[in-house]
Amino acid sequence: MPLFAVICKDKPGHLETRKANRDAHLSYLKETGVVIQAGPFLDEAGDMCGSLLILEVGALSDAQTWAEGDPYAKAGLFESVAIQHWNRVIG
C-alpha cells in the first residue's frame, strides 16, 4: 500500500491550540490505524511547531481526507499542510 508524508507547519503563536487538542490528535492517530510514524517538529526553544506523519493509505485522496479529519486541522492549528507520496528506502 502506498505511503504518504503529511508535513504540517503550525501557525505562529498557536502552541496552546496544539496543547489543547493533543489528546484528541493522538487518539485520532491510534484509532484510524493508518499512521506508520509520527512526531512533532520542534523550534529553537524545543517547543512543538509542526508535525510529520507517515500514512499508509490507498491514494493521495485518502491521505487528504485523513489530514482534514485530524483534530489539529479542525482546530485551525496549521498554517500549511503538504502531502507527498513517499517511498521508504531504509527502515
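Structure shown above.
Just so we're clear, the structure is a prediction, and the values are computed from it rather than from any experiment.

Right, let's get into the nonpolar core. By size, the foremost hydrophobic cluster in this structure holds 15 residues, and its most contacted members are Val6, Leu53, Leu55, Val57 and Trp66. Elements that contribute at least two residues to this core include exactly strand 1 (3-10), helix 1 (15-32), strand 3 (48-56) and helix 2 (60-69). Discounting residues that sit within four places of it in the chain, Leu53 has contacts with Phe4, Ala5, Val6, Cys8, His25, Leu29, Gln37, Ala38 and Trp66.

Strands pair in a sheet through their backbones, by hydrogen bonds, and they do so in one of two ways: parallel or antiparallel. The antiparallel open sheet is built from four strands, whose spatial order is 2-3-1-4. Only two strands of the sheet have a single partner each, and these edge strands are strand 2 (35-42) and strand 4 (78-86). When the angles between neighbouring strand axes are averaged without regard to direction, this sheet yields 15°. Two strands pair when backbone bridges link them, and strand 1 and strand 4 are joined in this way by eight bridges, in the antiparallel orientation. If you follow Ile7 over to strand 4, its bridge partner there is Ala82. In this fold helix 2 packs onto strand 1, strand 2, strand 3 and strand 4, with an angle of close to 155° to the strand it touches most, strand 4.

Each value, and the rule that gives it
- Residues numbered from 1 in each chain as written.
- Predicted model: local features only at pLDDT ≥ 70, side-chain atom pairs only at ≥ 80, totals over all residues.
- Heavy atoms only, no water.
- Core = buried A, V, L, I, M, F, W, Y, C linked by side-chain atoms within 4.5 Å.
- Buried < 20%, exposed > 50% of the residue type's maximum accessible area, 1.4 Å probe, protein only.
- Helix = DSSP H or I, 4+ residues; strand = E, 2+ residues; numbered from the N terminus.
- Contact = heavy atoms within 4.5 Å.
- Pairing = 2+ DSSP bridges.
- Axes fitted to C-alpha atoms, helices over the stretch in contact; angles between N-to-C directions.

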